[in-house]
Amino acid sequence: MKRFLLPLLLAITNLSYSQNIRSFADSVRQQYNVPELAFAVISSDSVLECHTLGIKRANTDYAAQQGDRFHIGSNTKAITAFIAALLVQEKKIEWNTTILTLFPELRWRTRYPYDTVTLANLLTFRGKLPAYTYTTESPTFRELHGDYAAQRMQLGANFLVQKSMKPDEHGLTPSNADYIMAGLMLEKASGKPYRELVQDLGKRLRIDFRFDYPNLKDTTQPWGHNADLRPLPPAENYKMNWLQAAGNINVSLEDYTHFTQELLLGLKAKSKLLPKKTYEQLLFGMPWFSYGWWFNAPKEEGSHHIAFNEGNAGAFITKVQIVKEADRAYVIFTNSATTATQDAIAVLLKELTKRYGE
């Protein structure tokens, strides 16, 4: 009888602990008026927490449920960089391949600072391309022609004739334009559209990646909420289709745990996809911003390597943090883009790292 008692007590303790953190998270969600909040704590061999709370749309009773999908915004960049690493391993492109190597037809109109910009430069925010985001007014949809693929190519060519960005104090030139151009390079090198490259990765990792806000194709999915907490109805956004490699993927929390767990496995040399050194490169290979990940370098001996990113395309905010030495990943998804939502994420992340170790 005694041999069954300890496992039972441990199971009860773990269940109580999980319910406790779930209750804490829901209290934070309600206090900061976040409609839907989903979060997970992951190690290389376990999903320690995975919960979805709240409602899919403000002022409704559409209850959140497992499998709900969230737009992850700039967390897409880590997926784009991962695809690039796979293509480098397959020798379809190199990190030092330049833009003009793949698109020599653009040479005649390219400003000289971009002559030597490489794939690695673009993926680490060192591409010097001008600032561009979802709210940039020009160009408009009517100023470009053809399908979205043709429009992205025109947009890329347009970046190359503009004045280059001056690096900040860390040597970075952060711009979504870097990832638009990197996406074009990966398409050219692989012979596949970016969306197909993402689907290929999804099949390998058992992840159902999709694009655009989740409610565009399925109104029963979570609706995004803007800075005024107004739910945004389904609508196609041409800028998101231009920015697809920079920030237009949607995915469920449950599926996204597979991606973060793959990174943790890679850091332990247990991945079947890429060698450990490549995972180190992606997450921590460059100071301040590595390949799709912001990077806090250890400030003193014994402190941790922390890679993180945040996605916010104006309707969902998602936060991901990976702590190498603790073998932990923290994922927080929300369906609102308010200032209060930012605060709620910060409070919850602080509590999760306190309980599970930074």
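Here, the structure is the one placed above.
Residues numbered from 1 in each chain as written. Predicted model: local features only at pLDDT ≥ 70, side-chain atom pairs only at ≥ 80, totals over all residues. Heavy atoms only, no water.

(A) Seen up close, the environment of Ile99. Within the fold, Ile99 resides in helix H3 (residues 99–102). Ile99 gets classed as buried once you look at its relative accessible area, which sits at 1%. Taking the C-alpha atoms as reference points, Ile99 and Trp293, separated by 194 residues in sequence, lie 22 Å from one another. Each residue touching Ile99, except ones within four places of it in the same chain, is listed here: Val117, Leu122, Leu160, Met181 and Met185. (Helix = DSSP H or I, 4+ residues; strand = E, 2+ residues; numbered from the N terminus. Buried < 20%, exposed > 50% of the residue type's maximum accessible area, 1.4 Å probe, protein only. Contact = heavy atoms within 4.5 Å.)

(B) Examining the pairing of strand E9 (residues 317–323) more closely. Burial within E9 is extensive, with seven of its seven residues counted as buried. Of the two faces of E9, the one holding Ile317, Lys319, Gln321 and Val323 and the one holding Thr318, Val320 and Ile322 are both buried throughout. Inspection of the sheet shows strand E8 (residues 306–312) paired to E9 by seven bridges, in the antiparallel sense. Residue pairing for E9: Ile306 is matched across the bridge by Val323. Both E9 and strand E10 (residues 328–334) contribute to a ladder of six bridges, which runs antiparallel. Paired with Thr318 across the bridge in E10 is Phe333. Hairpin connection of E9 to E10: four residues between the antiparallel strands, including Asp327 at a positive phi of 55 degrees. (Pairing = 2+ DSSP bridges.)

(C) Looking closely at the pattern of salt bridges. Following the criterion strictly, the structure yields 11 salt bridges and no others. The partner of Glu90 in a salt bridge is Lys92, with the nearest N and O atoms 3.6 Å apart. The class for Lys92 is partly exposed, based on a relative accessible area of 41%. With its nearest N and O atoms 3.8 Å apart, the salt bridge here joins Arg195 to Asp212. Of this pair, Arg195 sits in helix H7 (residues 194–205) while Asp212 sits in the loop between strand E4 (210–211) and helix H8 (238–242), and the two are 17 residues apart along the sequence. (Salt bridge = Lys/Arg side-chain N within 4 Å of Asp/Glu carboxyl O.)

(D) Structural detail: H7. Over its 12 residues, H7 extends 17 Å from the first C-alpha to the last, a length consistent with the 16 Å expected when each residue adds 1.5 Å. Looking at H7, one finds that the buried residues are Tyr194, Leu197, Val198, Leu201, Gly202 and Leu205. Along H7, the residues classed as buried sweep out an arc of 145 degrees about the axis, all on the same side. Buried-residue contacts for H7 involve helix H2 (76–89), helix H6 (176–190), E4, helix H9 (244–247), strand E5 (249–252) and helix H10 (253–267). (Expected span 1.5 Å × (residues − 1). Arc of directions from axis to C-beta.)

So yeah, pure geometry; function would need other evidence.
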